[in-house]
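Descriptive analysis of the structure
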Amino acid sequence: MLQLLSENQCFGGVHRRYGHSSSVLNCAMELAVFLPPQALCGRPVPALYWLSGLTCTDQTFMQKAGALRLASEMGLALVAPDTSPRGDTVPTDPDGHWDFGVGAGFYLNATAAPWSAHYRMHDYVVQELPELLEAELPLCPWRGISGHSMGGHGALVCAMRNPGRYRSISAFAPIAHPSISPWGEKAFRHYLGPDRASWREWDACELIATARERLPLLVDQGTADDFLEAQLRPQALERAAAAAGHPLTLRLQEGYDHSYFFIQSFIDDHLRHHARELLREPG
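Everything numeric here is computed off the predicted structure, so don't read it as measured data. (Residues numbered from 1 in each chain as written. Predicted model: local features only at pLDDT ≥ 70, side-chain atom pairs only at ≥ 80, totals over all residues. Heavy atoms only, no water.)

1. Details of the overall build of the protein
Helix and strand counts for the protein come out as 11 helices and 9 strands. At 18 Å, the protein has a C-alpha radius of gyration in line with the 19 Å of a compact globule built from 283 residues. Overall, the C-alpha framework of the protein stretches about 50 × 40 × 35 Å when taken along its three principal axes. The buried share of the protein, reckoned over its 283 residues, is 59%. Residue pairs in contact within the protein that sit at least 24 positions apart in sequence constitute 72% of those at least 6 positions apart. Surface summary for the protein: the accessible area is close to 11400 Å², and the carbon and sulfur share equals 50%. Separation of charge centres in the protein, based on 23 positive and 31 negative side chains, amounts to 4 Å. (Helix = DSSP H or I, 4+ residues; strand = E, 2+ residues; numbered from the N terminus. Rg over C-alpha atoms; globule rule 2.2 N^0.38 Å. Buried < 20%, exposed > 50% of the residue type's maximum accessible area, 1.4 Å probe, protein only. Contact = heavy atoms within 4.5 Å. Areas by Shrake-Rupley, 256 points an atom, 1.4 Å probe, with all protein chains shown as cover. Lys, Arg positive; Asp, Glu negative; His and termini not counted. Charge placed at Lys NZ, Arg CZ, Asp CG, Glu CD.)

Dropping the structure here:
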């Protein structure tokens, strides 16, 4: 059951923060939802799920991306979960590093102890959260998914692993090939164990070859991103998509970095990309 934590009117709709107890993550969670004015009239609307990056919370996207005005005009709900489980019982990096543990769930299902008891963000995002929200809020089961950096990785993997679950997908500066990036290698080694073969199930560049659904991918990447070469590797995704015949639009945006100034600049394009499918009547 959702517990309303706060509510703000915005562009004719409402931004709400909710808390709930997650059985998948075995802890209390918080999330943000923007409901456009159409939903407030009782008509169920489609939802775009946004997965944020390392160290972010449910509030980062809602407050920094500048997405609410156009979402309100279009009639799209926005859902922003947190980036990891949290709480006194949830383990985190014992050295306090920012790129692993709390705030860095990597949107996978951990299989190694002690992480497997809580770090199951994939099942939380794909299954538990939509089921809860669609039961309690005026949301229809037409879903898109997007995200930034670690969240871009999560969006790609969630869609590729779950055909039929989403109608649209996009990403900003995703960690495209986490099996060979320092961030991804660190997370996978702890969450999944040392067997690299098991890592392929959570790597978009590996999954794309056998994906059973070919949703068109829109990916924006700034050329001035400090993490471009070592961590993000969009060219690897481009090569994998070409080899698999998977539709990908990769846009290299000259001079843009990894910040939310970059996301603000192109978020409208992504909202329109999702709206083309989410607002289209099926059939």
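This is not the end of the story, as more comes after the structure.
2. Regarding the side chain of Ser52
Structurally, Ser52 is set in the loop between strand 4 (45-51) and helix 2 (58-64). Take Ser52: its relative accessible area is 0%, and that puts it in the buried class. Of the polar contacts made by the side chain of Ser52, one reaches the side chain of Trp50; its length is 3.2 Å. Not counting residues up to four positions away in its chain, the partners in contact with Ser52 are Thr57, Phe61, Thr83, Tyr107, His148, Met150, Gly151 and Tyr260. (Polar contact = N/O pair within 3.5 Å; in protein donor to acceptor, adjacent residues only side chain to side chain.)

3. Details of the nonpolar core
One finds Leu78, Phe106, Leu133, Ile145 and Tyr191 to be the most contacted residues of the largest nonpolar core, which totals 92 residues. When residues in this core are grouped by element, the largest group, 8 residues, is from helix 11 (residues 260-278). Apart from the residues within four sequence positions on either side, Leu133 is in contact with Leu2, Leu31, Val33, Tyr49, Val79 and Leu139. (Core = buried A, V, L, I, M, F, W, Y, C linked by side-chain atoms within 4.5 Å.)

4. Focus on the packing of helix 4 (residues 121-136) against helix 5 (residues 150-161)
Between helix 4 and helix 5, the shortest axis-to-axis distance is 11 Å and the interhelical angle comes to 60°. With respect to helix 5, the axis of helix 4 lies oblique. Remark: the crossing between helix 4 and helix 5 carries right-handed chirality. Contacts between helix 4 and helix 5 pair His122, Val125 and Val126 from the former with Val157, Cys158 and Arg161 from the latter. (Axes fitted to C-alpha atoms, helices over the stretch in contact; angles between N-to-C directions. Parallel < 35°, antiparallel > 145°, perpendicular 65-115°, else oblique. Left-handed = near helix turned anticlockwise from the far one by under 90°.)

5. Re the environment of Tyr256
Tracing the sequence through the fold places Tyr256 in the loop between strand 9 (248-253) and helix 11. When its relative accessible area of 30% is taken as the criterion, Tyr256 is described as partly exposed. Taking the C-alpha atoms as reference points, Tyr256 and Pro174, 82 residues apart in sequence, are found 14 Å from one another. In contact with Tyr256, not counting residues within four places along its chain, are Gly222, Thr223, Ala224, Asp225, Phe262, Ser265 and Phe266.

6. Topic: the sheet that holds strand 3 (residues 27-35)
Reading across the sheet, the 9 strands line up as 1-2-3-5-4-6-7-8-9 and stay open at both edges, with mixed pairing between neighbours. In the strand order of this sheet, the two ends are held by strand 1 (3-10) and strand 9, each with one partner. Neighbour-to-neighbour, the strand axes of the sheet open up by a mean angle of 20°, direction not taken into account. Relative to strand 2 (residues 13-22), strand 1 runs antiparallel, the two sharing 7 bridges. Each residue of the ladder has a partner; that of Glu7, found in strand 2, is Arg16. Of the strands in this sheet, strand 2, strand 3, strand 4, strand 5 (77-81) and strand 6 (139-147) are in contact with helix 4, which crosses strand 6 at around 150°. Contacts between helix 5 and the sheet are confined to strand 4, strand 6, strand 7 (168-172) and strand 8 (217-222), with strand 6 contributing the most and set at about 130° to the helix. (Pairing = 2+ DSSP bridges.)

Worth remembering: the numbers are spatial, not functional.
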